[in-house]
Amino acid sequence: MESKSSHIWLMVIISTFFWGSNFNAGHAVAGDVTPLTAAAERFAIALALFWVIRFCFGKAESQLASKDAFRLIPLGIIGVFGFNYAFFTAMHTTSALNAALIMALSPMVSTLLSVVLLNVKIRLYQYIGMLIAFVGVIFVITGGHFSLLHSSIGDVWMLLACFVWSLYSVGSKKYAGHIPSLQFARWTVSIGAVALIIAALLLEQPIETVGQLSLKTHSILMYMGVCGSVLAYIYWLKGVFFLGPEKSAVAFNLVPVFTLLVSLAFGTFPNLVQVLGMLLVLAGVLASTGWRPAFIKSDIK
């Protein structure tokens with residue numbers, strides 16, 4: 001059981017790496033493609049890949065009841081369309097700094113929603129771990145330059161993005177825990193992808209834009225679709241279903257850390273405050289999972 005738990009935690013951490021690197025990838029294409037069109041292409045790729053995987057298996061993972069549609073549709077709209085629409089709208093009137101900091105509230109929001117919707121009991125070490133990780137996230141994002149933070153209507157949109165993502169994570173556990181994670185991810189991503197494509201067609205000119213994009217831009221969007229959508233969603237939902245949203249959500253604090261590490265790989269170096277922040281995030285995540293060094297465990301025994 002402990003081996004399986006470690007395996008699931010690894011999958012959750014990999015998903016946060018994919019999402020963290022998505023910030024870098026999104027920044028790389030920001031000047032070439034409009035937000036909804038970028039999101040629509042990314043999730044169109046994800047939609048196609050999910051259904052290729054489905055047909056390769058030859059049959060559905062489980063037989064879904066008609067009532068499951070009333071759960072999958074709102075969860076897909078909330079978790080994929082809702083989050084991305086709120087996120088991209090927020091980025092028009094707020095800074096990436098503010099957006100990332102607000103998104104770091106997701107573990108706390110997920111925990112509170114878990115208490116309300118799932119009757120989860122939160123232990124003191126989890127609260128302490130979340131607090132340590134959140135302080136670390138602030139250091140990572142700001143680098144100690146706290147005066148750079150400012151308020152705008154975009155912050156309100158980002159708070160909405162944070163809330164709907166947390167609601168998606170907790171809702172998937174409460175209302176769709178009986179659906180295999182791959183099947184659930186496929187349907188919710190497909191529903192959200194269709195909604196994004198329709199929104200792009202109505203609000204932007206995706207057909208004309210896509211034809212003018214460079215191979216590099218398409219390649220980056222392909223990475224975001226395959227790794228940042230398909231693999232990340234599958235791995236994340238496995239963690240939510242096995243560990244519970246209140247535990248797996250803590251690992252979400254690793255997203256800005258991985259964003260910073262990818263930036264470092266491309267020549268952007270962190271300052272000492274950001275390094276301290278990364279260490280605090282890692283310590284907070286470990287504390288929230290209940291992990292302790294072997295010598296402490298032996299002493300307790």
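Values in this document were obtained by computation on a predicted structure and should not be read as measured data.

Topic: the overall build of the protein chain
Right, so step 1: Across its full length, the protein chain holds 14 helices and 0 strands.
Right, so step 2: Starting at the N terminus and walking to the C terminus, you meet the elements of the protein chain as α-α-α-α-α-α-α-α-α-α-α-α-α-α.
Right, so step 3: Taken against the 2.2 N^0.38 rule, which gives 19 Å for 301 residues, the C-alpha radius of gyration of the protein chain at 19 Å falls within 12% of a compact globule.
Right, so step 4: For the protein chain, the C-alpha atoms occupy an extent of roughly 65 × 50 × 30 Å along the three principal directions.
Right, so step 5: Within the protein chain, the fraction of its 301 residues that count as buried is 50%.
Right, so step 6: Put simply, the protein chain has 17 plus and 10 minus side-chain charges, and the middle of one group is 15 Å from the middle of the other.

Let's talk about the pattern of salt bridges
Right, so step 1: Counted according to the given criterion, the structure contains 1 salt bridge.
Right, so step 2: Put simply, D68 and R71 hold a salt bridge, and the shortest N to O gap is 3.5 Å.

Focus on helix α12 (residues 254-265)
Right, so step 1: The terminal C-alpha atoms of α12, which comprises 12 residues, lie 16 Å apart, in line with the 16 Å expected from a rise of 1.5 Å per residue.
Right, so step 2: Counting buried residues in α12 gives 9 out of 12 residues, a clear majority hidden from the surface.
Right, so step 3: Residues of α12 that are buried: L254, V255, P256, V257, F258, T259, L260, V262 and S263.
Right, so step 4: G267 sits one or two residues past α12 and shows a positive phi near 105°.

Structural notes on the layout of surface pockets
Right, so step 1: When its volume is computed, the largest pocket comes out at roughly 1500 Å³.
Right, so step 2: Lining the largest pocket are 48 residues, and of these N22, F23, N24, G26 and H27 lie nearest its centre.
Right, so step 3: Ranked by residue count, the leading element in the lining of the largest pocket is helix α1 (residues 2-29), at 10 residues.
Right, so step 4: Residues belonging to the lining of the largest pocket are distributed by class as follows: 36 nonpolar, 11 polar and 1 charged.

Focus: the packing of helix α3 (residues 69-93) against helix α7 (residues 153-176)
Working note: a packed helix pair is described by the angle between its axes plus the distance between those axes.
Right, so step 1: Two elements in contact, α3 and α7, have axes separated by 8 Å at closest approach and are oriented at 160°. Between α3 and α7, the interaxial angle falls into the category roughly antiparallel. Note on packing geometry: the crossing formed by α3 with α7 is left-handed.
Right, so step 2: Here the residues of the contact of α3 with α7 are counted per class, giving 18 nonpolar, 7 polar and 1 charged.

Structural notes on unusual backbone geometry
Right, so step 1: Although it is not a glycine, N119 sits at a positive phi angle of roughly 55°.
Right, so step 2: Along the polypeptide, N119 turns up in the loop between α5 (106-118) and α6 (124-142).
Right, so step 3: Residue classification places N119 among the exposed residues on the basis of a relative accessible area of 61%.

Regarding the packing of aromatic side chains
Right, so step 1: If you walk through the whole model with that rule in mind, you get 17 aromatic pairs.
Right, so step 2: For the ring pair F83 and W165, a centre distance of 5.7 Å and an interplane angle of 55° mean the geometry is tilted. With F83 in helix α3 and W165 in helix α7, the pair connects residues that are 82 residues apart, well separated along the chain.
Right, so step 3: Classification of W165 by relative accessible area gives buried; the value is 3%.
Right, so step 4: In this structure, R186 is placed above the aromatic ring of W51, and the distance from its NZ or CZ to the ring centre is 5.1 Å.

Each value, and the rule that gives it
- Residues numbered from 1 in each chain as written.
- Predicted model: local features only at pLDDT ≥ 70, side-chain atom pairs only at ≥ 80, totals over all residues.
- Heavy atoms only, no water.
- Helix = DSSP H or I, 4+ residues; strand = E, 2+ residues; numbered from the N terminus.
- Rg over C-alpha atoms; globule rule 2.2 N^0.38 Å.
- Buried < 20%, exposed > 50% of the residue type's maximum accessible area, 1.4 Å probe, protein only.
- Lys, Arg positive; Asp, Glu negative; His and termini not counted.
- Charge placed at Lys NZ, Arg CZ, Asp CG, Glu CD.
- Salt bridge = Lys/Arg side-chain N within 4 Å of Asp/Glu carboxyl O.
- Expected span 1.5 Å × (residues − 1).
- 1 Å grid on protein atoms, 1.4 Å probe; cavity = no way out; pocket = protein on both sides within 12 Å on 5 of 7 lines; lining within 4 Å.
- Points joined across faces, edges and corners; volume = space filled by probe spheres on them.
- Nonpolar A, V, L, I, M, F, W, Y, C, P; charged D, E, K, R; others polar.
- Axes fitted to C-alpha atoms, helices over the stretch in contact; angles between N-to-C directions.
- Parallel < 35°, antiparallel > 145°, perpendicular 65-115°, else oblique.
- Left-handed = near helix turned anticlockwise from the far one by under 90°.
- Phe/Tyr/Trp six-rings, centres within 6.5 Å; stacked < 30°, edge-to-face > 60°.
- Lys NZ or Arg CZ within 6 Å of the ring centre and 35° of its normal.

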